[in-house]
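For reference, the chains in residue letters:
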Amino acid sequence: MFATALRCLRCGREHPFDPRAYLCPACGPGGAGEDPGVLDVVYDYAAAGRVLRAALERPRRGSRGVFRYLPLLPLARPAPVPYTGGTPLVTAPRLARRLGLARLYLKDETRNPTRCLKDRATAVGVSMAAAQGARALLCASAGNAAISLAGFCAHQGLESHAFVPAEVSEVRLDWLRRFGAVVHRSEGNYDRAFEESERARREHGWYSRNCAFNPFLVEGKKTVSLEIAEQLGWRAPDLVAAPVGDGCTLGAIGKGFRELREVGLLQDLPRLVGAQSSAVQPLVARFRGGAPEGEPEPATNAASIAVREPRNALRLLGELRESGGVLRAVPDAETSEAQALLACEAGVVAEFTSAAPLAALLRLAREEDLSGKTAVLVVTGGRAD
Ligand SMILES: *Cc1c(COP(=O)(O)O)cnc(C)c1O
Ligand SMILES: [Zn+2]
């Protein structure tokens, strides 16, 4: 295990590595316009890189999905969780032509156990919870994170608590019930459900799978970048696009590529392309210095990214800066069109939210010449909304 420290993304303080850590003790959960003290795992990159390279050179004795990159994860031994990650990079030549790209790949995260990239974080979180002897886990979620947690807990014989917004869809509630989750349905939105989950965590001591606050979950999500880089023969694509809610997913993607550069497996970083919905775009506004992009819509169907108080803003903004990235707000009509295009021009059924970054790429393609470039679109989820 090569994790050595936990650095606060808000105050910069370094704390010794502790698998039970949560938020920075000095900064706490933030709130009222203040960022939380999110901790970031730091590794001994020289040692981790050596062990990772040696492991990668061994003939593939069957890929182990997310745990293929164990030296860059904060745990020594994974729990026997459902096989996660190892998803294909699917070519999409028709969409590439439409965008004027040389190549477009879809990183098809809909093939994970519960049809969503969230499973990568859950695989790491449940492994760490199991190592600590936790019996009950919780999660605040618009649906996907809780469904992911519930599925893994069903498999492991653990109790799962799902804190969901009032407007959660029947389809998502049905998945939660089938997996046997205890559903705590808030009377408010996702941000309210998040607060309620944090209260329950303090009251009952349930292990938290809240991705922004639990510092180890982003580490699971970053494995999507490690896979993309390996699948492209240790070359970074020019662009990597993903939807942005709390900021964990795209922040993790940025971290993954940076760490590969740190250990010498990559020369360059891809430019990150994030997408929020026009209706809920706090990070776009912050990235642009205060003003939202376009005329904000009253509501959105992009439920998985409708986060009004994003909790991993500092991580996301840092990675966007580092990669020269962009963050766009897209109207639902464009996302709807992008969702249809993914199906009828690439054969991939994405959930509504997961089509938003294609809408962002289509906007970018109208403004910039993308010829000769390679882009990867991370299709984060594929369950019916
Ligand atoms: C959670 C989620 C996202 C966004 O992830 P954040 O970490 O909240 O930014 C994107 N797509 C899908 C399908 C999700 O479930
Ligand atoms: Zn701090």
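I will try to describe carefully the structure that is included in this document. Since the model is a prediction, treat every value here as computed from it, not as a measurement.

Within a pair of aromatic rings, the relevant descriptors are the distance that separates the centres and the angle that separates the planes. Summed over the entire model, instances satisfying the criterion amount to six aromatic pairs. Seen in terms of ring centroids, F17 and F216 are 5.7 Å apart; in terms of plane orientation they differ by 65°. Their pairing is edge-to-face. Placement of F17 in the loop between β2 (14-16) and β3 (39-43) and of F216 in the loop between β9 (207-208) and α7 (217-221) is noted, with a sequence separation of 199 residues between them. With relative accessibility at 1%, the residue F216 sits in the buried group. Ring pairing ties together the aromatic residues Y22, Y190, F194 and F213, which thus form one cluster. Looking at R311, its charged tip hangs above the ring of F194, at a distance of 4.0 Å from the centre. Its end group placed over the ring of W175, R383 keeps NZ or CZ at 4.7 Å from the ring centre.

Turning to the coordination of the zinc ion (ligand 2), a few remarks are in order. Around the zinc ion (ligand 2), the donor atoms from the protein are C8 (SG), C11 (SG), C24 (SG) and C27 (SG), and they sit 2.3 to 2.4 Å away. If you look at the zinc ion (ligand 2), its four donor atoms make angles of 104 to 116° with each other, and the shape they trace is tetrahedral. Spacing between the donor residues of the zinc ion (ligand 2) along their common chain follows C-x2-C-x12-C-x2-C. Residue C11 is located in the loop between β1 (3-8) and β2, and its partner C27 is located in the loop between β2 and β3; the two are separated by 16 residues in the primary sequence. Using a relative accessible area of 35% as the deciding quantity, one classes C11 as partly exposed.

Turning next to the pattern of salt bridges. Enumeration according to the criterion identifies 29 salt bridges in this entry. Two residues, R178 and D174, come together in a salt bridge whose shortest N-O distance is 2.8 Å. Here R178 and its partner D174 are both found in helix α5 (residues 170-178), four residues apart, which amounts to about one turn of the helix. Of the charged contacts in the structure, one is a salt bridge between R271 and E368, with a shortest N-O distance of 3.1 Å.

What counts and what doesn't
- Starting afresh in each chain, residues are numbered from 1 along the sequence in its written order.
- Starting at A for chains and at 1 for ligands, labels are handed out in the order in which the entities are written.
- The predicted origin of the model limits local features to residues at a pLDDT of at least 70 and limits the giving and counting of side-chain atom pairs to 80 or more, whereas totals for whole chains, interfaces and linings rest on all residues.
- The side-chain figures draw on all heavy atoms in the structure; neither hydrogens nor water molecules are used.
- Aromatic rings from Phe, Tyr and Trp, taking only the six-membered ring of Trp, are treated as a pair when their centres fall within 6.5 Å; an angle between ring planes under 30 degrees marks them as stacked, one over 60 as edge-to-face, and anything in between as tilted.
- Runs of E in the DSSP output that reach at least two residues are strands. Runs of H or I that reach at least four are helices, and both are numbered from the N terminus.
- For every residue, the accessible area (1.4 Å probe, protein chains only) is compared with the maximum for its type, and the residue is labelled buried under 20%, exposed over 50%, or partly exposed between those bounds.
- Only Lys NZ and Arg CZ are tested; either one counts as a charge over a ring when it is within 6 Å of the ring centre and within 35 degrees of the ring normal.
- Think of the donor list as every N, O and S atom within 2.8 Å of the metal, or within 3.2 Å for Na, K and Ca; water never makes the list, so a site can look incomplete.
- Irregular is the default label, applied whenever a site is not tetrahedral (four donors, all angles between 85 and 135 degrees) and neither square planar nor octahedral (four or six donors, opposite donors over 155 degrees apart, all other angles between 65 and 115).
- Each reported salt bridge corresponds to a side-chain nitrogen of Lys or Arg within 4 Å of a carboxyl oxygen of Asp or Glu.

As far as function goes, none of this settles anything; it's purely spatial.
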